[in-house]
Amino acid sequence: MIHSLFLINNAGDIFLEKHWKSVISRSVCDYFFEAQDKAGEPDNVSPVIRTPHHYLINIYREKIFFVSVIQTEVPPLFVIEFLHRVAEMFQDYFGECSEVAIKDNVVIVYELLEEMLDNGFPLATESNILKELIKPPTILRSMVNTITGSSNVGETLPTGQLSTIPWRRAGVKYTNNEAYFDVVEEIDAILDKSGTTVFAEIQGVIDACVKLSGMPDLTLSFMNPRLLDDVSFHPCVRFKRWESERVLSFIPPDGNFRLMSYHVNAQNLVAIPVYVRQNINFFETGSSGRVDITVGPKQTMGKTVENVIVTIHMPKVVLSANLTATQGTYTYDPVTKILVWDIGKLNQQKLPNLKGSLSLQSGAPKPEENPSLNIDLKIQQLAISGLKVNRLDMYVEKYKPFKGVKYVTKAGKFQVLTVPSHV
Amino acid sequence: MTAMQKLLQLPVNAVNIVKTVQGVAQGQEEARSPVLTPDSGQQNWYSAVQPEELRHLRTASTTGGGGGEGGGEWGEDRGTLEEGLSSAQTQPLRHDDLKEMLDSNKDSLKLEAMKRIVAMIARGKNASDLFPAVVKNVACKNIEVKKLVYVYLVRYAEEQQDLALLSISTFQRGLKDPNQLIRASALRVLSSIRVTIIVPIMMLAIKEAASDMSPYVRKTAAHAIPKLYSLDPEQKDQLIEVIEKLLADKTTLVAGSVVMAFEEVCPERIDLIHKNYRKLCNLLIDVEEWGQVVIINMLTRYARTQFLNPNINESLLEEGGEKAFYGSDDDDDDDDDDDDEEKKAEAAALAKRKPYVMDPDHRLLLRNTKPLLQSRNAAVVMAVAQLYFHLAPKAEVGVIAKALVRLMRSHSEVQYVVLQNVATMTIKRRGMFEPYLKSFYIRSTDPTQIKILKLEVLTNLANETNISTILREFQTYIKSMDKDFVAATIQAIGRCATNIGEVRDTCLNGLVQLLSNRDELVVAESVVVIKKLLQMQPEQHSDIIKHMAKLTDNIQVPMARASILWLIGEYCEHVPKIAPDVLRKMAKTFTNEEDIVKLQIINLAAKLYLTNSKQTKLLTQYVLNLAKYDQNYDIRDRARFIRQLIVPTDKSGALSKYAKKLFLALKPAPVLESPFKDRDHFQLGSLSHLLNAKAGGYQELPDWPESAPDPSVRNVEVPEWTKCTSRKERKEKKVEKPFYSDSEGESGPTESADSESDSGSGSQSGSEESGSGSESEESEEESESEEEEEEEEDEEEERAKKKKKVDKSKPKKPESAESDQSSGEEQKRIRKGGKDRRSGTESESEDESESESSESESESEEESESDTDIKKKKKTAASKPPPKQTKKESKKETKEMSLLDLDDFEPTPSPQVTPVNSFLSNSLVTDLEGLSLTDTVLAPTTIAPSSSVRLYELLHRITGEGLAVEYCFSRQPFSPDPHMVAVQIQFTNNTTSEAKSLHIEEPKLQSGMRIKEFPEIEVLPAGESVNVVMGIDFCDSTQAANFQLCTHIRKFFVSIQPPVGELMTPAFLTENEFKKEQETLLHGQLMGMNEISEKLTLGEKCQSEHVIVERVTSTANLSRVPCGSDKESRFAGKTVSSGSLVLVTVTRKDGAGALLTVNCEKMVIGTMLVKDILQALTQ
């Protein structure tokens, strides 16, 4: 399956290589560099690159290319999914998945990679098992290690590997038993100039942070589970139970994990929390343009809309912007041509407005397209779909845990077109 | 260890190698010593990295990044040496350093060295000259050093085969380790060493590991198979045998890995799957994610060879119809029509044959994979999606759409792959993605490659109902800044126009509007597409052609210019006036045009010459002359060829007659079709599908068979008691059960996992069965347990009846022989009691029979005080709330039953009272004076074994492979040896076959402990139970007695651990005796050491004297001692082995308070007893 892995930074340095079978020369990466040159943007590098003898399957995460070398047929998603798991594991271990972190912890990284694949086939990919085998570095431990020469390899044998619930390690103990669940919903929407919804849907996830002793068996139920249209679960969730009763029943992994992600499909029901009135015009004469944007709260269920940011990718000919914002600050980067207006909290009484002129490259024809607006926002204590957790019950263990549920709504891919959708 | 060290010290040649390598290193070092840097002495690993990193930066800047590093390790090393940077110079020195560190005795130094070496490997540096120094540490005690040595070994073993061999024996030893994890890790490293010489060793190790008890080791064996195969393909046949064996494994842990091995070694041996097919389907949901992917992909192929096409009847006809719909508008795809007709005929023929019925196994696969669409792992979802696409009936395929659309929210790489597959699917099954049309709308933030794929999907989804929406969407795309994307959009519009006749004109008009776009690329792309569209209906669109002719003045993109020229040439009859004029303009600029345009100018000239030679003859000559001297060979060639063809000369011959036909033949319009058409002959989700070319090792997806192969090959012979559970039932149970009951060893995935992990860390015996292997059996047990109980009861009754007869006729030889002291009277009583029990109904309470027996006893003896006492006892028994009683009974029913027919099977245990009496008589002898008869009368009433004889499990039916063994402490003296505790063992054979020669072997005992085995049971018929009694001398300790329980085929490790209360027998003392003994104990050699007192609060239900007595006697095998005060209860007993006295006093205080006092010489026993009684009383 996976033959070798190369980690490459943006500058084109191969800063780590690992082979699970015989060694493949790093010159194989030249094909990758070639493809990278052709693609321009890192996003546009094809995830699968064909070379005369190998196939390179790569992902781009946190400014690092994870390039794996494949020799024979394998489902590409299998490799891609695995590479993302590797990146997540680094994130989990070092707090960030960056070149510096990987270089600083190169031995741990190597030990991890050794355990995650055997002969190119995934062996242990559950963070709980790996943490039993290889302890994550902490400042304290690395200090102790340097002084005493003790190791970060676990002394105990990883019994979790033998279990069929590999996601939970045995013998977990906490003095404070807590379970937190974050219901995070993102609105994906495309609105046209008139404010009509072209497309809207809600994607949600429930992220959990469970710190409970022993082997608790949890049951999470919703007030309105029928809202959920499509779901995917962490392997710990018992699917049959969901099918029959619409409750989430699971023995949780220890620590942070994503319990489920879901999709709310209710085209008409999606409440759009903000409205945007905008006018962006370019004039043929005088090589200038005008911007006038107002943002206001719409269906917010009485909650405050926070962290509102408007981002506009301006056409290439826009040289600079001379605007005034009644609230928040704006920046225009003439290199990337991105206008960012950071508004902050939305105020019902005084609607924030951004107004002013743009100066264009003289002589150039006026841009044909009208840029669209990307909106970021956040609403605390509200799941925009109306999803509500009913209760959380714990079985098997005797103690009383502290339970908490938090709701957040965010903008996902929230786009406002500056043209009416009906041309 | 020593052997290993010897082995390691032997390397005569290794030492030489070390020396030579060192020599080289030193040579370098000497040469460069003037510039030695102090960093060689740095101990801290993290700072040691520093210069390396800097070097990286430097090389990056000097070589200009890019592929600057790509020259292989040696080349690079040399390169850095030549650069003369400090770090490179210290490299050989550091190696020397490292060797020193590796040779040191300190683990910390070794670790440090290994860390540096691994970091070098990670960077792609060559560290192979350290091999001898590193390999010595393979047997290092420090786990981390060991692990890092493994990393090194696996990396360089291939290069240094001879030296690598030195490490082999370490792993061979590891393979025999009692710990499964060590065995597994040894096999893992051993099999990763790519040295051909050890192939036989690997083969042996794999074979052995494949039949290991631990599923984890077996999993590792499965992983090792492809490694060995790649090392030596000659071993294939032997490896297939191992694969076959592992495929039969029932654990989820092994399933994924062995299928992976199967796919790499022998994917063509589909016959190996037959017997395991159903099991794999059923295990699937519990297999880890990566294994699921592999299994699903394999099963897709399997199903294609074994089942019939579920769409055999309808789909072909329907699909034909669909295609005909497109075909009706444009007569261009003649080939397709032919195909369709063929297919139709074929389908009709097939339809005649017989109605399609899906194989239940086919259905099983579809049903069991469906829940996995909800997996968080994109690869699993994709695997299920492709399975449904390739195998499911058309009506059911729709379920995958939602899941695939969900994946599009994931990382862009995932999106990319999913969209590729969706694009292929939408061609065959457009309907299923139609509801999700909007999910494929393109956002300005999408990467270009994603945009283009989405566009592809949108185009495939377009039909006459949604085309207007899609076109409107396309219009917004055309305004995008991303020009590649715009070009793709125009192509897409062109394809929509060709596919859907209704919108052709609209599209054409739209495209024509684009011709006035400011962006040349857009215009050019439009021209190309318009050209294609016009070819379909040129007559109606001469104005468009005219419009395009005008564009030649402005458009510079060669492809577009060429397209316009071709159009004008082709349809010059529709634009007779403009065409010559265009040629005139082109002739002027001919020399400056691109080759592709020049060729079209020649074409145009030729066509015009043929149709309108009057106006264009000279122009054509001119163009041809220009072309004749062109630099491009093709153009000169073409010019010569055309001249010969169109200008009739004497030499030109017959061809020129046909020139007009040749040039102005009606040309079929090009078919604009998706690049994803027909890609589905590759298995979806595969690399080959993505590349649209066969990748190495790709297994073709076979076509459906004409007629179904024999389905009975998948039948598996299952032992009776594991049969008859449908998957569905099992699943439900599995999910339901663990939540509401805490019973151990339950079937749910999680519960079984618990038990497994336990056994994994503890003993190995239990780990054999795990995962759903046990589930199937277990659930079975659940469903049958009730029935069984009933059956048991029936059987029991019958048996009881039979035995009654036997009893009467059979003289009880052994019993009478062994119990000399027992009086005939007592014998009678016991037999009577036994009869009573046997004839009594099941629901008869123990209490009742107890009191009855005591009654009979009391009748035979004196009746002074005893009467009142019995009455009291009876009263309490009667006053007990009846519901509680029945509850208790129903719980114990089965247990009691097994106890009741004890004496019928086993001659050895003599009735309880016999030795009691012997003991009694002893005490009588010693303490003649203070004896009052009343006390002895009282004794039997209290010593009758309390109702709660607990049953312990010795061997679960699952672990015992159908043989269940339970035991209890019968509290009856073990007559062959009075120092032993009698343990009654009940065997139940749950299998369908006889169990033979059940006996005990190899007891592993603590020193001093002894076992008196029960006589071997020769045959235990299926479904039968048998009771035997064995004796164990526990030496008055609660240590477990370990031994092996053997059948004729298997051995099971079992252990019996006695509760402290079972280590004693009742002793009968008078009140005075009791006090005296207590006194002597208290004031014996160690004052106060022999008394333990504990205050306690009695449990709610435990306030009355009767309950206290009951609780205490059930906890410990003690007899009650009469007592004057009703606040106090006294009990006495002696330890079985050493005969030390155990005295217990419970003094009740006001309310629920009480004081428990235990006097015993054996302190450990005393403390443990206090604990147990305390627990019993406070509950």
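Look up a bit, the structure's there.
What you see is a predicted model; the values in this text were computed from it and never measured.

Caption draft 1: Up close: the nonpolar core. F66 and F90 of chain A together with F440 of chain B are the most contacted members of the largest nonpolar core, which has 273 residues in total. Look past the residues within four positions of F440 of chain B in its chain and what remains in contact with it is V405, M408, L419, V422, F433, K454, V457, L458 and L461 of chain B.

Caption draft 2: Geometry of a nonpolar patch on the surface. Residues L655, Y658 and L662 of chain B make up a contiguous nonpolar surface patch of about 320 Å² in total accessible area. Summarising the element assignment, L655 of chain B is placed in the loop between α35 (633-646) and α36 (659-663).

Caption draft 3: Spotlight on the pattern of salt bridges. Within this structure, the stated rule accounts for 55 salt bridges over all chains. Close ionic contact of E434 of chain B with R430 of chain B constitutes a salt bridge, the shortest N to O distance being 3.8 Å. Several salt bridges converge on common partners, so that one network encompasses E81, R85 and E126 of chain A together with E289 and R376 of chain B.

Caption draft 4: The arrangement of the side chain of H689 of chain B in detail. Mapped onto the fold, H689 of chain B is located in helix α37 (residues 687-691). A distance of 3.1 Å separates the side chain of H689 of chain B from the side chain of N421 of chain B, its partner in a polar contact.

Caption draft 5: Just the sheet that holds strand β4 (residues 995-1004) of chain B, in detail. Residue and element names in this part refer to chain B. Reading across from one edge, β6-β4-β8-β9 is the order of the four strands in this open sheet, with antiparallel pairing throughout. Strand pairing shows two members of the sheet lacking a second neighbour, β6 (1017-1020) and β9 (1051-1056), which therefore form its edges. The sheet shows a mean angle of 35° between the axes of neighbouring strands, taken without regard to direction. Pairing analysis gives six bridges linking strand β8 (residues 1041-1046) to β9, with the strands arranged antiparallel. Following the sheet pairing, F1043 is matched in β9 by V1054.

Caption draft 6: Seen up close, unusual backbone geometry. Backbone geometry at K63 of chain A places phi at a positive 65°, although glycine is not the residue there. Tracing the backbone through its elements, the reader meets K63 of chain A in the loop between β4 (55-61) and β5 (64-70). Positive phi, close to 40°, is recorded for S997 of chain B, a residue that is not glycine. Tracing the backbone shows S997 of chain B in strand β4.

Caption draft 7: Up close: the packing of helix α30 (residues 542-551) of chain B against helix α31 (residues 558-570) of chain B. Residue and element names in this part refer to chain B. Running from N to C, α30 and α31 cross one another at 135°; their axes reach a closest spacing of 10 Å. When the interaxial angle is binned, α30 and α31 end up oblique. Remark: the crossing between α30 and α31 carries left-handed chirality. Seen from α30, the contacting residues are I545, M548, A549 and L551; seen from α31, they are I564, L567 and I568. The residue inventory of the contact of α30 with α31, partitioned by class, reads seven nonpolar, no polar and no charged.

Caption draft 8: Structural context of the packing of helix α13 (residues 215-231) of chain B against helix α15 (residues 252-265) of chain B. All names here are of chain B. Look at α13 against α15: their axes get within 8 Å of each other, and the N-to-C directions meet at 10°. Taken as axis vectors, α13 and α15 run roughly parallel relative to one another. When α13 is examined against α15, the residues P215, Y216, R218, K219, A222, H223, I225, P226 and Y229 are found in contact with a partner set consisting of L253, V254, S257, V258, M260, A261, E264 and V265. Of the residues belonging to the contact of α13 with α15, the class tally is twelve nonpolar, two polar and three charged.

Caption draft 9: Inspection of the environment of I80 of chain A at higher detail. In this fold, I80 of chain A is placed in helix α2 (residues 76-94). On the accessibility criterion, I80 of chain A (0% relative accessible area) is buried. Linking I80 of chain A and I57 of chain A, residues 23 residues apart in sequence, is a C-alpha distance of 7.1 Å. The contact partners of I80 of chain A, leaving out residues within four places of it in the chain, are P47, I57 and I59 of chain A together with E413, V414 and V417 of chain B.

Conventions adopted
Residues numbered from 1 in each chain as written. Chains lettered and ligands numbered in written order. Predicted model: local features only at pLDDT ≥ 70, side-chain atom pairs only at ≥ 80, totals over all residues. Heavy atoms only, no water. Core = buried A, V, L, I, M, F, W, Y, C linked by side-chain atoms within 4.5 Å. Buried < 20%, exposed > 50% of the residue type's maximum accessible area, 1.4 Å probe, protein only. Contact = heavy atoms within 4.5 Å. Patch = residues over 30% accessible without salt bridge, like charges linked within 9 Å, V, L, I, M, F, W, Y side chains within 5 Å. Areas by Shrake-Rupley, 256 points an atom, 1.4 Å probe, with all protein chains shown as cover. Salt bridge = Lys/Arg side-chain N within 4 Å of Asp/Glu carboxyl O. Helix = DSSP H or I, 4+ residues; strand = E, 2+ residues; numbered from the N terminus. Polar contact = N/O pair within 3.5 Å; in protein donor to acceptor, adjacent residues only side chain to side chain. Pairing = 2+ DSSP bridges. Axes fitted to C-alpha atoms, helices over the stretch in contact; angles between N-to-C directions. Parallel < 35°, antiparallel > 145°, perpendicular 65-115°, else oblique. Left-handed = near helix turned anticlockwise from the far one by under 90°. Nonpolar A, V, L, I, M, F, W, Y, C, P; charged D, E, K, R; others polar.

Read these as geometric descriptors, not functional statements.
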